Amino acid sequence: VKSKKVIGLFTANFLTFIMLYGGYLTFFPIFIDSSFSKSSFVIGIILSGSSFVTALTSSQLGKLAARFSEANLILTAAIIYISVFLIIPFVGNIWLLLVPIALFGFAQGINIPSVLTLLTHQAPTEHRAAFLSVNWTVLRGGQALGPVLLGLVYGISGITGTFLFTAGLAVLFVIVS
């Protein structure tokens with residue numbers, strides 16, 4: 001658990017869930033509502049597109065992992081996260097939101113399973129369950145902190161600043177991955 005690689009993977013997972021629960025699930029709906037005045041139902045339908053892309057991508061991850069290392073897939077996801085959160089605040093057409101939504105789903109689909117694969121390979125068999133338990137604690141920490149942290153950013157700098165800050169978290173993700 002103390003190795004630099006493992007700490008980097010835990011940090012990547014922590015940042016992933018801050019971005020997911022803070023930038024994407026909390027503040028993306030606020031952006032859609034304030035920019036396009038859509039109902040909660042429509043916002044939910046729009047956002048669910050990323051889950052569809054995540055599932056589709058994850059189902060093909062074996063083929064991707066055969067061509068690219070998990071480390072490269074994680075780095076690719078981090079770069080995509082940066083792009084997504086830089087794009088979102090400047091989208092002026094509701095239909096163009098499909099681009100960052102699909103990209104985010106793709107990044108999630110290659111990132112999360114790849115991090116889990118690398119973590120699993122780092123853990124000795126007899127400690128694997130405890131190792132992954134620590135990962136779930138880290139992940140849930142990011143999930144809990146994301147909306148709070150980005151809520152503070154939102155209060156200071158508004159919605160655009162929130163997405164730019166989230167892009168900054170994705171830059172940090174690149175550094176640790």
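All chains use their own residue numbering, which begins from 1 and follows the written sequence. With pLDDT at 70 or above as the cut-off, local features in this predicted model cover only qualifying residues; side-chain atom pairs require 80 or more to be listed or tallied, and sums for whole chains, interfaces and linings still use all residues. No hydrogens and no water enter the side-chain calculation; it runs on all heavy atoms of the structure.

1. Concerning helix α1 (residues 4-36)
What counts here: Bending is quantified residue by residue as the angle between axes fitted to the seven-residue window ending at that residue and the seven-residue window starting at it. Secondary structure is summarised from DSSP: a helix means a run of H or I of at least four residues, a strand means a run of E of at least two, and numbering begins at the N terminus for each.
Taken as a whole, α1 carries its principal kink of about 40° at phenylalanine 27; the proline proline 29 stands between one and four residues after it. Downstream of α1 by one or two residues, serine 37 has phi in the positive range, about 50°.

2. Description of the nonpolar core
Under the convention used in this document: To qualify as a nonpolar core, a set must consist of buried Ala, Val, Leu, Ile, Met, Phe, Trp, Tyr and Cys residues joined through side-chain atoms within 4.5 Å. Think of it in three bands: with a 1.4 Å probe and only protein chains considered, a residue is buried below 20% of the maximum accessible area for its type, exposed above 50%, and partly exposed in between. A contact between two residues is defined here by any heavy atoms of the two lying within 4.5 Å.
Counting 51 residues, the largest nonpolar core has Phe28, Phe31, Ile32, Phe85 and Leu97 as the members making the most contacts within it. The set of elements that each furnish at least two residues to this core consists of α1, α2 (40-59), α4 (70-87), α5 (98-122) and α6 (128-176). The leading source of residues in this core is α1, at 15 residues. Setting aside its immediate chain neighbours within four residues, phenylalanine 28 contacts Gly23, Leu47, Ile88, Leu97, Ile101 and Phe163.

3. Observations concerning the packing of α5 against α6
Worth spelling out the cut-off: An axis is simply a line fitted to the C-alpha atoms; with a helix, the fit covers only the stretch in contact. Between two such axes, the angle follows the N-to-C directions and lies from 0 to 180 degrees. Crossing chirality is assigned from the near helix's rotation relative to the far helix, an anticlockwise turn below a right angle marking it left-handed and a clockwise turn marking it right-handed. Only Asp, Glu, Lys and Arg are considered charged in this grouping, and only Ala, Val, Leu, Ile, Met, Phe, Trp, Tyr, Cys and Pro are considered nonpolar; every other residue, Gly among them, is considered polar.
Where α5 contacts α6, the axes come no closer than 11 Å and their chain directions differ by 145°. The interaxial crossing formed by α5 with α6 has right-handed handedness. Within the contact between the two elements, α5 uses Asn111, Leu116, Leu119, Thr120 and Gln122 and α6 uses Arg128, Phe131, Leu132, Asn135 and Phe173. Tallied by class, the residues present in the contact of α5 with α6 amount to five nonpolar, four polar and one charged.

4. A word on the confidence of the model for the chain
Counted only if it meets this: The predictor attaches a confidence to each residue, and that confidence, scored 0 to 100, is pLDDT.
When the pLDDT values of the chain are averaged, the result is 93; 99% of them are 70 or greater. Per-element averaging of pLDDT across the chain places helix α3 (residues 61-67) at the bottom with 93 and α4 at the top with 95.

5. Notes on the packing of aromatic side chains
Condition: When the centres of two rings from Phe, Tyr and Trp lie within 6.5 Å, Trp using its six-membered ring, the rings pair. Their planes under 30 degrees apart give stacked, over 60 give edge-to-face, and anything left gives tilted.
In total, this model carries 13 aromatic pairs according to the counting rule given. Measuring from ring centre to ring centre gives 6.1 Å for phenylalanine 31 and phenylalanine 36, while their planes differ by 85°; the resulting arrangement is edge-to-face. Each member of the pair, phenylalanine 31 as well as phenylalanine 36, carries the same accessibility label: buried. Taken together through their ring pairs, the aromatic side chains of Tyr24, Phe28, Phe31, Phe36, Tyr81, Phe85, Phe104, Phe163 and Phe173 make up a single cluster.

6. Points about the packing of α1 against α4
Applicable threshold: Angles are sorted into four bins: roughly parallel if under 35 degrees, roughly antiparallel if over 145, roughly perpendicular if 65 to 115, and oblique for all others.
Following both chains from N to C, one finds α1 and α4 inclined at 25°, their axes separated by 12 Å at the closest point. Here α4 runs roughly parallel to α1, going by the angle between their axes. Between α1 and α4 the crossing geometry is left-handed. Across the interface between the two elements, Leu9, Thr16, Met19, Gly23 and Tyr24 from α1 touch Ile74, Tyr81 and Phe85 from α4. Along the lines of polarity and charge, the residues of the contact of α1 with α4 split into six nonpolar, two polar and no charged.

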